[in-house]
Amino acid sequence: MSLPVLEITIASRSEPGRRERNEDKVRIGCDGPLWLAVLADGAGGHRDGAEAAQRAVDRLEAALQEDAPAFSAQALTRAVLSAHARVRLDQERADGFDRMHSTVVALWIDALRDCVLWSHVGDSRLYRARRGTLSRLTADDSVVQRLVDAGLLTPQQAEAHPQKNQLIAALGIEGDVEPHTAPDPVALEEGDAFLLCSDGWWGSLDERCIVGTLADAATPGDWLDSMRQCIEARAAPRQDNFSAIGVWVGDPPQARRR
């Protein structure tokens, strides 16, 4: 007797904020029991930030589809490194392009085995809400995060630090990058909710809002829309592009009520 496959539902939102161009890119897809969510936040002169983010999500997705790699941390890490190589290569080929780079955060789900992997480079984040408790599953590749790790800043001080977005690693930079990949598949639970988001999203929200809006949402899209309304209500004059992907395993609000 086969066990039921967990139901996965995904939604995404991407907004320009107060910027002329949106340099964030999101990608969601399904290949049999395998689900993929990828978010990239590009940076560079002219249109290069958007180009870097687009190349990153395109290449990462393609790498996970080529040769049907096994669902493993190694395969996901190789896909992220392939995305880094593509951004570097295209940057070298394009005459007149300014330096461009991109963050990336990826969530890869095997719904048949009820497990998940994730990886990231930069300061785009992954959160998980489980039974009403929010956990941040990634640590920013930033100067400020290094200060937190060294005990020189508290996490609360880091959120308000003027240099919180100064990166020390991103796809497309010179040299190698080291993707931060979950070392082994992590078991999913009915009612898990994941949020992938760019710094324009997480930097404009109190983390309590992430959990609070989840409780009243009927779908992942409703959840993202409620958070988007919170961000827009701030009316920040220099609001950056803000993007997110919501991934639900089953029905998180119902699971929390139970």
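What you see is a predicted model; the values in this text were computed from it and never measured.

Thresholds applied
- Residues numbered from 1 in each chain as written.
- Predicted model: local features only at pLDDT ≥ 70, side-chain atom pairs only at ≥ 80, totals over all residues.
- Heavy atoms only, no water.
- Core = buried A, V, L, I, M, F, W, Y, C linked by side-chain atoms within 4.5 Å.
- Buried < 20%, exposed > 50% of the residue type's maximum accessible area, 1.4 Å probe, protein only.
- Helix = DSSP H or I, 4+ residues; strand = E, 2+ residues; numbered from the N terminus.
- Contact = heavy atoms within 4.5 Å.
- Salt bridge = Lys/Arg side-chain N within 4 Å of Asp/Glu carboxyl O.
- Pairing = 2+ DSSP bridges.

Q: Describe the nonpolar core, with residues and values.
A: Leu60, Leu107, Trp108, Leu171, Phe194, Leu196 and Val247 are the most contacted members of the largest nonpolar core, which has 47 residues in total. Among the elements of the structure, β1 (8-15), β3 (34-44), α1 (48-65), α2 (73-93), β5 (104-110), β6 (115-121), β11 (193-197) and β12 (242-249) are those that each provide at least two residues to this core. Setting aside its immediate chain neighbours within four residues, Phe194 contacts Leu107, Val116, Leu126, Tyr127, Arg128, Leu137, Leu188, Trp223, Ile245, Gly246, Val247 and Val249. Trp201, Trp202, Met227 and Ala244 belong to the second largest nonpolar core, which has 20 residues in total.

Q: Any details on the pattern of salt bridges? Residues and values, ideally.
A: All told, the structure shown has 16 salt bridges when counted by the stated rule. Salt-bridge contacts for Asp58 lead to Arg27; the nearest nitrogen and oxygen are separated by 2.6 Å. Placement of Asp58 in helix α1 and of Arg27 in strand β2 (residues 24-31) is noted, with a sequence separation of 31 residues between them. Between Arg125 and Asp140 there is a salt bridge, with its nearest N and O atoms 2.8 Å apart. Note that Arg125 is positioned in strand β7 (residues 125-130) and Asp140 in the loop between β8 (133-136) and α3 (143-149), a separation of 15 residues in sequence. No difference in accessibility class separates Arg125 from Asp140, as the two residues are buried. Within this structure, Arg13, Glu15, Asp225 and Arg228 form a network of salt bridges that share partners.

Q: Pulling in residues and values, what's your account of the environment of Ile245?
A: Tracing the backbone shows Ile245 in strand β12. Looking at Ile245, the relative accessible area reads 0%, which means it is buried.

Q: Describe the pairing of β11, listing the residues and the values that go with them.
A: With five of five residues buried, β11 is to be regarded as a mostly interior element. Burial of the side chains of β11 extends over both faces: Ala193, Leu195 and Cys197 are buried on one face and Phe194 and Leu196 on the other. Sheet topology places β7 next to β11; five bridges connect them, and they run antiparallel. Within the sheet, the bridge partner assigned to Ala129 lies in β11 and is Ala193. Sheet topology places β11 next to β12; five bridges connect them, and they run antiparallel. By the bridge assignment, Ala193 is partnered in β12 with Trp248.

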